[in-house]
Amino acid sequence: MKKFILILAVFTFVCSDFLQAQDVSQLTAQCAANAGDVMYLKDFVVKLDQGTPGGAPPTARFALLLSKNVVYRFSICSAPNSEGEAVLQLFDMNTLLGSTFITATGKDFPFFDFKCQKTGVYHVFISFKEGKAGDGVGIMSYVKKL
Amino acid sequence: MLNKIKLWIMRKAIVYLLVLLAAAAGSCKSGGQGKDSGEIPDSVLNQGIEISEDVMQDIVQNISSPVEMAAMIKDLGVPYSNRYISPTDRVGNLTTSFQQALNLGIYAADLGYLNMNNKTSAVIDYLTSIKSLSDAIKVGQFFDFTTLKRLATNSKNLDSLMYISVHSFNEMDKYLHANNRTNLSALMVTGVWIEGLYLGTQVYKITPSQMLAERIGEQKLTLDQLMLILENYKQDKQYAKLLDDLQLLKDLFKTVNIRIEKGEPEMIEENGMLTIVQNDKSIVEISPEQLTAIIATTEQVRNSLISL
């Protein structure tokens with residue numbers, strides 16, 4: 001009986017892991033398809049906890065090497081069960097270049113295109129509005145050469 | 001495209017489950033991962049290389065993409081040539097994990113070039129080679145050979161084929177990072193990079209263009225990132241030899257000058273779509289002599305790597 005419970009526990013653990021991996025794969029594929037007629041290059045999967053009241057929202061950061069003369073597309077998708085809505089921002093050092101959420105207008109975009117003119121290391125930041133918890137995927141795609 | 005990918009995810013998920021169960025069942029029996037090739041095992045090579053979350057965030061995620069150089073060359077209108085890709089008949093001779101990971105990257109870049117040019121008949125050979133090498137370094141579970149092979153038989157499936165190929169490569173890379181086998185990930189990325197550079201330089205020889213010259217020159221930045229990671233493993237003589245080879249290129253790239261012209265980014269919203277135009281510009285200063293030397297050395301290093 002003990003053996004059976006142990007096997008069941010291992011199976012449940014493995015299954016939960018497998019279901020989570022499947023959800024992430026589906027969300028990534030969906031998000032890549034939503035990006036339109038472009039070529040998928042990279043995904044950034046995030047799982048963020050709820051932020052503390054008054055504190056900065058939890059943020060995932062990824063370093064990227066982008067090439068001059070290329071138009072890249074950055075897309076963002078939140079998992080259906082997420083409490084918050086994911087936002088992707090692109091930075092060059094401390095300069096914010098683009099965001100899927102424009103604070104000044106309150107407008108959301110599922111993606112934005114970035115006409116890169118300078119080869120170098122950039123950073124993608126992903127967080128959830130108001131520091132809420134959630135799962136999300138950012139996608140970087142190749143659109144065309146400039 | 002999405003339906004094909006959904007089907008692929010379902011199939012992949014079932015394979016994962018079986019692999020996880022088999023691994024759980026087998027973990028009690030296995031006594032370690034011995035190798036008979038005289039290689040330093042991955043676990044030993046990665047010992048002491050503990051990467052904190054903060055440092056991890058600073059490691060460049062996409063040092064080299066298996067499709068970006070190929071996409072640019074296609075956009076430049078340069079016709080496909082099979083002279084630029086590495087032959088697959090040598091896969092059986094690749095016996096160490098060092099050779100296997102490095103060549104997995106080389107073939108991934110070749111696969112990107114083939115896919116980009118819709119050369120479906122040749123794709124199967126490369127898929128077979130990648131499958132064999134990914135199994136050998138135990139990341140084959142991320143490479144759904146059956147689905148990819150089926151997609152490759154129909155040119156209408158190009159989008160799905162491209163997505164699954166690149167995504168599989170990214171997943172292998174993530175898995176290697178997560179499982180303390182960063183040394184093999186570094187080799188895969190090096191393979192992708194050198195093959196991409198080889199493709200770019202060989203195309204430049206036949207069809208020179210300013211854009212390609214700049215793209216070659218700016219590889220200086222990528223090489224710096226790559227060598228920084230490989231340095232961690234130089235106690236293994238195979239990595240030390242690879243670093244020596246790459247140093248030949250680094251010495252040449254040192255003389256390439258990249259300067260920046262500053263400008264403010266612009267945000268344009270048109271038809272509901274947002275576009276950011278960067279007005280900072282990098283200018284790559286590279287002479288014909290520098291290019292000739294880089295082309296020759298790239299050819300030498302790449303050919304030495306594929307003859308391992």
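All of these numbers come straight from a predicted model, not from anything done at the bench. (Residues numbered from 1 in each chain as written. Chains lettered and ligands numbered in written order. Predicted model: local features only at pLDDT ≥ 70, side-chain atom pairs only at ≥ 80, totals over all residues.)

Engineer: Sorry if this is basic, but what is going on with the overall build of chain A here?
Structural biologist: Helix and strand content of chain A: one helix and 10 strands. Going residue by residue from the N terminus, the α and β elements of chain A occur as α-β-β-β-β-β-β-β-β-β-β. With 146 residues in all, chain A has 45% of them scored as buried. By sequence separation, contacts in chain A at least 24 residues apart represent 80% of the contacts at least 6 residues apart. (Helix = DSSP H or I, 4+ residues; strand = E, 2+ residues; numbered from the N terminus. Buried ≥ 20, exposed ≤ 12 C-beta atoms within 10 Å, placed from the backbone. Contact = placed C-beta atoms within 7 Å.)

Engineer: When you look at the packing of helix α12 (residues 237-253) of chain B against helix α13 (residues 288-306) of chain B in this model, what are you seeing that I'm missing?
Structural biologist: Working note: a packed helix pair is described by the angle between its axes plus the distance between those axes. All names here are of chain B. Across the interface, α12 lies against α13 with an axial gap of 10 Å and an inter-helix angle of 170 degrees. In terms of their interaxial angle, α12 and α13 are classed as roughly antiparallel. Contacts between α12 and α13 involve Asp245, Leu248, Leu249 and Leu252 from the first element and Gln290, Ala293, Ile294, Thr297, Thr298, Val301 and Ser304 from the second. For the contact of α12 with α13, the residue count by class is six nonpolar, four polar and one charged. (Axes fitted to C-alpha atoms, helices over the stretch in contact; angles between N-to-C directions. Parallel < 35°, antiparallel > 145°, perpendicular 65-115°, else oblique. Nonpolar A, V, L, I, M, F, W, Y, C, P; charged D, E, K, R; others polar.)

Engineer: Just checking my understanding: could you explain the confidence of the model for chain B for this structure?
Structural biologist: If pLDDT is low for a region, its predicted coordinates should not be looked at in detail. All names here are of chain B. Averaged over every residue, the pLDDT of chain B is 85; residues scoring 70 or more account for 81%. Of the regions scoring below 50 in pLDDT, residues 19-36 engages in nine contacts with residues more than four places distant in sequence or in other chains. The ipTM value of the predicted complex is 0.85, and its pTM value is 0.85. (pLDDT = per-residue confidence, 0-100.)

Engineer: What is the right way to read the nonpolar core from this model?
Structural biologist: Across soluble globular proteins, nonpolar side chains have a tendency to be buried as a group. Formed by 114 residues in total, the largest nonpolar core has its most connected members in Phe74 and Val124 of chain A together with Ile130 of chain B. No other element matches helix α9 (residues 182-206) of chain B, which puts 13 residues into this core. Ignoring anything within four residues of it in the chain, the contact list for Ile130 of chain B reads Leu104, Tyr107, Ala108, Leu111 and Phe143 of chain B. (Core = buried A, V, L, I, M, F, W, Y, C linked by C-beta atoms within 7 Å.)

Engineer: Could you clarify how one ought to interpret α9 of chain B in this entry?
Structural biologist: Each turn of an α-helix holds 3.6 residues, which means side chains three or four residues apart point in the same direction. Taking 1.5 Å of rise per residue, the 25 residues of α9 of chain B would be expected to cover 36 Å, and the 36 Å separating its terminal C-alpha atoms lies within 8% of that figure. Summarising burial for α9 of chain B: 22 of the 25 residues are buried, a large majority. (Expected span 1.5 Å × (residues − 1).)

Engineer: Sorry, what's going on with α12 of chain B here?
Structural biologist: Here α12 of chain B contains 17 residues, and its C-alpha end-to-end distance of 24 Å stays within 8% of the 24 Å for a straight helix at 1.5 Å per residue. Among the structural elements, α9, α11 (219-230) and α13 of chain B are those in contact with the buried residues of α12 of chain B.

Engineer: Help me understand the sheet that holds strand β4 (residues 86-92) of chain A in this model?
Structural biologist: Hydrogen bonds along the backbone pair up the strands of a sheet, which may run parallel or antiparallel. Residue and element names in this part refer to chain A. Taken in spatial order, the four strands make up an open sheet running β2-β9-β4-β5, and their pairing is antiparallel. Every other strand in the sheet has two partners, leaving β2 (59-66) and β5 (95-99) as the edge strands with one partner each. Between one strand and the next, the sheet's axes are offset by a mean angle of 30 degrees, whatever the strand orientation. Inspection of the sheet shows β2 paired to strand β9 (residues 120-128) by eight bridges, in the antiparallel sense. (Pairing = 2+ DSSP bridges.)

Engineer: How do you make sense of the sheet that holds strand β8 (residues 111-116) of chain A when you look at a structure like this?
Structural biologist: Taken in spatial order, the six strands line up as β1(A)-β10(A)-β3(A)-β8(A)-β3(B)-β2(B) in an open sheet, and their pairing is mixed. Of all strands in the sheet, those with a lone pairing partner are β1 (39-48) of chain A together with β2 (266-270) of chain B, marking the two edges. Here the average twist between neighbouring strands, direction ignored, is 20 degrees. In this sheet, β8 of chain A lies alongside strand β3 (residues 70-78) of chain A in antiparallel orientation, the contact comprising six bridges. Opposite Val71 of chain A, over in β8 of chain A, you have Lys115 of chain A as the bridge partner.

Engineer: Would you mind showing me how to read the pairing of strand β10 (residues 134-145) of chain A here?
Structural biologist: Moving residue by residue along a regular strand, the side chains alternate between the two faces of the sheet. Residues and elements named next belong to chain A. Extensive coverage of β10 is indicated by the burial of nine of its 12 residues. Sheet analysis places β1 next to β10, joined by nine bridges and oriented antiparallel. The partner of Asp43 across the bridge, within β10, is Ile139. Bridging between β3 and β10 involves nine bridges; their strand directions are antiparallel.

Engineer: Please clarify how the packing of helix α7 (residues 145-152) of chain B against helix α8 (residues 158-178) of chain B should be interpreted in this entry.
Structural biologist: Residues and elements named next belong to chain B. Two elements in contact, α7 and α8, have axes separated by 9 Å at closest approach and are oriented at 150 degrees. As summarised for this structure, α7 and α8 are arranged roughly antiparallel, according to the angle between their axes. In this structure, α7 meets α8 at a crossing whose hand is left-handed. Facing α7, whose interface residues are Thr147, Leu148, Leu151 and Ala152, α8 presents Ser160, Leu161, Ile164 and Ser165. (Left-handed = near helix turned anticlockwise from the far one by under 90°.)

Engineer: Any chance you could explain the environment of Leu151 of chain B here in plain terms?
Structural biologist: All names here are of chain B. Along the chain, the position of Leu151 falls in helix α7. Leu151 sits 73 residues away from Val78 along the chain, and the two C-alpha atoms are 25 Å apart. Every residue in contact with Leu151, bar those within four places of it in the chain, is listed here: Asn157, Ser160, Leu161 and Ile164.

Engineer: Where do I start with unusual backbone geometry in this structure?
Structural biologist: Among all residues except glycine, the phi angle is most often negative; among peptide bonds, the trans geometry is most common. Of note in this structure, Glu130 of chain A is not a glycine but carries a positive phi near 60 degrees. With respect to the helices and strands, Glu130 of chain A occurs in the loop between β9 and β10. Using a count of 11 C-beta atoms within 10 Å as the deciding quantity, one classes Glu130 of chain A as exposed. Within the chain, Asn118 of chain B stands out as a residue other than glycine whose phi angle is a positive 60 degrees. Inspection of the secondary structure assignment puts Asn118 of chain B in the loop between α5 (97-116) and α6 (120-136). By the C-beta count within 10 Å, which is 13 here, Asn118 of chain B ends up partly exposed.

Engineer: Help me understand the environment of Gln225 of chain B in this model?
Structural biologist: Relative to the helices and strands, Gln225 of chain B resides in helix α11. With 18 C-beta atoms packed within 10 Å, Gln225 of chain B lands in the partly exposed category. When the C-alpha atoms of Gln225 of chain B and Ile63 of chain B are compared, they prove to be 7.3 Å apart, with 162 residues separating the residues in sequence. Those residues within four positions of Gln225 of chain B in sequence are excluded, and the remaining contacts are Leu65 of chain A together with Val60 and Ile63 of chain B.

Engineer: Would you explain the confidence of the model for chain A in this entry?
Structural biologist: Scored by pLDDT, chain A has a mean of 88; 85% of the residues are at 70 or more. Per-element mean pLDDT across chain A ranges from 67 in helix α1 (residues 2-34) of chain A up to 98 in β8 of chain A.

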